[in-house]
Amino acid sequence: MESQSNMTIGTTVQLHVDFDTALAKVVAALKTEGFGVLTEIDVKDTFKKKLDVDLRPYRILGACNPPLAYRSISAVPEVGLLLPCNVIVYQASENVVEVSLVDPLVMLGVLQNPELQEVAQEAGARLKRVAQALSSGS
């Protein structure tokens, strides 16, 4: 069974599948809501190469919805410092992969711009639907 919880900067969903399956589900759910993955950072691999330490599987995905990003950057060019929307996928325990999705309202709220608030609300609604889809096992 999948579960979902809220934290202060985003939403976390637990998936009871292997890491690669979870990663594929996340990318597919993001795509359904109009997000592409612009960047993918393999933190486990990076830490091994740079620090010679072992870490559980951990990926940071930079998700972008181009129309929303365009509206944001058109309104406030500096918003690029807060983009893309980050999603993390990591092995929490042997049978649990956690997926955390940032809350765009929290990220873009630091700029106090009404146009950005509107975009952040739309992006947030889309990311909540991603979390719901993952929670329901879709």
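The preceding data block contains the structure.
These figures come from a predicted structure and were not determined experimentally.

Conventions and cut-offs
Residues numbered from 1 in each chain as written. Predicted model: local features only at pLDDT ≥ 70, side-chain atom pairs only at ≥ 80, totals over all residues. Heavy atoms only, no water. 1 Å grid on protein atoms, 1.4 Å probe; cavity = no way out; pocket = protein on both sides within 12 Å on 5 of 7 lines; lining within 4 Å. Points joined across faces, edges and corners; volume = space filled by probe spheres on them. Helix = DSSP H or I, 4+ residues; strand = E, 2+ residues; numbered from the N terminus. Nonpolar A, V, L, I, M, F, W, Y, C, P; charged D, E, K, R; others polar. Expected span 1.5 Å × (residues − 1). Contact = heavy atoms within 4.5 Å. Polar contact = N/O pair within 3.5 Å; in protein donor to acceptor, adjacent residues only side chain to side chain.

Asker: Go over the layout of surface pockets with me, naming the residues and quoting the values.
Answerer: Approximately 170 Å³ is the volume attributed to the largest pocket. Surrounding the largest pocket, 18 residues form its lining, Ala63, Ala69, Leu83, Pro84 and Cys85 being those nearest its centre. Listed by contribution, the elements that provide at least two residues to the lining of the largest pocket are strand S4 (58-64), helix H3 (66-75), helix H4 (104-108) and helix H5 (114-135). Here the residues of the lining of the largest pocket are counted per class, giving 16 nonpolar, two polar and no charged.

Asker: Quick one: what's the story with helix H1 (residues 19-32), residue by residue and with numbers?
Answerer: Relative to the 20 Å expected for 14 residues at 1.5 Å per residue, H1 spans 20 Å between its end C-alpha atoms, a close match to the ideal helical length. On its buried face, H1 is in contact with strand S2 (10-15), strand S3 (36-42), S4, strand S5 (85-93), strand S6 (96-102) and H5. Of the residues that open H1, the one with a side-chain oxygen 3.2 Å from the backbone nitrogen of Asp20 is Asp18. Just past H1, the residue Gly34 takes up positive phi, approximately 85°.

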